[in-house]
Amino acid sequence: MRDRFGAVLTVSMAVLFVEAVIGTIALFVWGQTQESPGLSYNVMGVFFLIMMVPFVAVAGAVLGALLTVGVVMPLLVVAGWLGRRLSGHGAWWWVPALAAAVTAPPSLAVAVLGEAGLLAGLGGWLAVTVALAATTLVARRLLLPDRRQLSGGAMFGRMALYGTLAVVIAGTLAGIGLYAGIGYEPPQLSAERVARTWSDGKGGTLILTADGKATATRVETFGIDDSSEPVVHKCTGTGTWQYDPGAGPWYQEVDVSVDDCSMDTWQVFGSLEHPKLFVYVGDPDSWDLYILQPRG
């Protein structure tokens, strides 16, 4: 009995690890398709992520063990009991059916509390159900009396082989998709498309005219105080502007100079139909943006 418990624990943790890696790849690709200002990163941030890998691996192993003991094993027991009770034998499809029922309430709660849309909620529920059912079905293979018994080590070896293959395939497909251009890219603007009235939605407007004149009314500008916190100023005045297309969509800049105002260079994101100008508020790593959108 102890050998079977150890085998199920080992295999379940291995499957959960592979699913977590593939899920991370999928989330990364999904994130690349979303509208984004292309927030910057630095060498120290990458170094920090590398240093965190061992700690994340340990935390993942602990979480995998807890999920196995608290979710996968009970799911195995209950699915087998329901199958024998209601149909006379523990059919495999009881596992995904029970997994769907178990994951529905927490998925619904997360979708409601996180104010996600119906489609996002259904997608999250389906993803969690598939991940849990797949893990449980692989672990179930160790307990089938009519199948050749495999040790936990043998199952782990198979998972290491097939799991690595699955991760490589997922990574390759993600790379091909991103190289093919499925990722988000800011709209390529022009001086003609930039020359319009921009608004922050809070009473601040920036009027850029085709002759290079700029008029700011209560446009926010940002400085840093002694404690490195952003300080907001309201800019009102006139000046000039120019559009720089840069080397491509990610490098576009709108340089605005207004008398008596320290205004940062604006960058572009959004879509061609709904372009946006933005500047970072304080540290770019803070993800805080000040955004202007076309008015009207």
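Structure: above.
Quick notes on the rules
Residues numbered from 1 in each chain as written. Predicted model: local features only at pLDDT ≥ 70, side-chain atom pairs only at ≥ 80, totals over all residues. Heavy atoms only, no water. Pairing = 2+ DSSP bridges. Helix = DSSP H or I, 4+ residues; strand = E, 2+ residues; numbered from the N terminus. Buried < 20%, exposed > 50% of the residue type's maximum accessible area, 1.4 Å probe, protein only. Core = buried A, V, L, I, M, F, W, Y, C linked by side-chain atoms within 4.5 Å. Contact = heavy atoms within 4.5 Å. Salt bridge = Lys/Arg side-chain N within 4 Å of Asp/Glu carboxyl O. 1 Å grid on protein atoms, 1.4 Å probe; cavity = no way out; pocket = protein on both sides within 12 Å on 5 of 7 lines; lining within 4 Å. Points joined across faces, edges and corners; volume = space filled by probe spheres on them. Phe/Tyr/Trp six-rings, centres within 6.5 Å; stacked < 30°, edge-to-face > 60°. Expected span 1.5 Å × (residues − 1). Disulfide = S-S within 2.5 Å.

S.K.: So what's going on with the pairing of strand β8 (residues 289-294)? Residues and values would help.
M.R.: Pairing between strand β1 (residues 197-199) and β8: 2 bridges, direction antiparallel. In the strand pairing of β8, Ser-199 is matched with Gln-293. With 4 bridges connecting them, strand β7 (residues 275-280) and β8 associate as antiparallel partners. Residue pairing for β8: Phe-278 is matched across the bridge by Ile-291.

S.K.: Go over unusual backbone geometry, please, and point to the residues and values.
M.R.: Residue Arg-218 is not a glycine yet carries a positive backbone phi of 55 degrees. Tracing the sequence through the fold places Arg-218 in strand β3 (residues 213-224). Judged by its relative accessible area of 44%, Arg-218 falls in the partly exposed class.

S.K.: Describe the nonpolar core, naming the residues involved and giving the relevant values.
M.R.: Counting residues in hydrophobic clusters, the biggest one holds 24 residues, and the most contacted among them are Leu-206, Leu-208, Val-254, Val-256 and Trp-266. Those elements giving two or more residues to this core turn out to be β2 (205-208), β3, β4 (230-244), β5 (253-258), β6 (266-270), β7 and β8. In terms of residue count, the dominant contributor to this core is β3 (4 residues). Once residues lying within four places of it in the same chain are set aside, the contact partners of Trp-266 are Leu-206, Val-219, Gln-252, Glu-253, Val-254, Val-256, Leu-277, Phe-278, Val-279, Tyr-290 and Leu-292.

S.K.: Can you lay out the pattern of salt bridges for me, pointing to particular residues and giving the numbers?
M.R.: If you walk through the whole model with that rule in mind, you get 3 salt bridges. The residue Lys-276 makes a salt bridge to Glu-35 at a minimum N-O spacing of 2.8 Å. Highlighted residues: Lys-276 in strand β7 and Glu-35 in the loop between α1 (2-33) and α2 (43-87), separated in sequence by 241 residues. According to the relative accessible area criterion, Lys-276 is buried, its value standing at 17%. According to the relative accessible area criterion, Glu-35 is partly exposed, its value standing at 39%. Measuring nitrogen to oxygen at the nearest pair gives 3.1 Å for the salt bridge that ties Glu-220 to Lys-202. On the criterion of sequence distance, the pair formed by Glu-220 in strand β3 and Lys-202 in the loop between β1 and β2 is long-range, its members being 18 residues apart. Owing to a relative accessible area of 10%, Glu-220 belongs among the buried residues under this scheme. Each of Lys-202, Glu-220 and Lys-234 takes part in one network of salt bridges that share partners.

S.K.: Please give an account of the layout of surface pockets that cites residues and values.
M.R.: In this structure, the largest pocket encloses a volume near 1500 Å³. What lines the largest pocket is a set of 48 residues, and nearest its centre among them are Leu-16, Glu-19, Ala-20, Gly-23 and Ala-131. Listed by contribution, the elements that provide at least two residues to the lining of the largest pocket are α1, α2, α3 (94-113), α4 (118-140) and α5 (152-179). Among the elements that line the lining of the largest pocket, the one with the most residues is α1, at 14 residues.

S.K.: Quick rundown of the packing of aromatic side chains? Include the residues and the values.
M.R.: The description of an aromatic ring pair uses the distance of the two centres, along with the angle that the planes make with each other. Following the criterion strictly, the structure yields 6 aromatic pairs and no others. Seen from their ring centres, Phe-222 and Tyr-290 are 5.4 Å apart, and the 70 degrees between their planes marks the pair as edge-to-face. Residue Phe-222 is found in strand β3, and its partner Tyr-290 is found in strand β8; the two are separated by 68 residues along the sequence. When its relative accessible area of 3% is taken as the criterion, Tyr-290 is described as buried. Ring centres of Phe-278 and Tyr-280 lie 5.4 Å apart, and the angle between their planes is 80 degrees; on these two criteria the pair is classed as edge-to-face. Under the relative-accessibility criterion, Tyr-280 is labelled buried at 14%.

S.K.: How would you sum up α4? Please name residues and give values.
M.R.: Here α4 contains 23 residues, and its C-alpha end-to-end distance of 32 Å stays within 8% of the 33 Å for a straight helix at 1.5 Å per residue. Among the residues making up α4, those that are buried are Gly-121, Thr-129, Leu-132, Ala-133, Thr-135, Thr-136, Ala-139 and Arg-140.

S.K.: Describe the state of the cysteines, and please don't skip the residues or the numbers.
M.R.: By definition, a disulfide links two cysteine residues through a covalent bond between their sulfur atoms. Evaluation of the coordinates by the stated rule reveals 1 disulfide. In this model Cys-235 forms its disulfide with Cys-261; the gap between the sulfur atoms is 2.1 Å. Disulfide Cys-235-Cys-261: torsion about the S-S bond near 105 degrees, hence right-handed. With Cys-235 in strand β4 and Cys-261 in the loop between β5 and β6, this pair connects stretches of sequence that are 26 residues apart. Take Cys-235 and Cys-261: they sit in the same class, and that class is buried.

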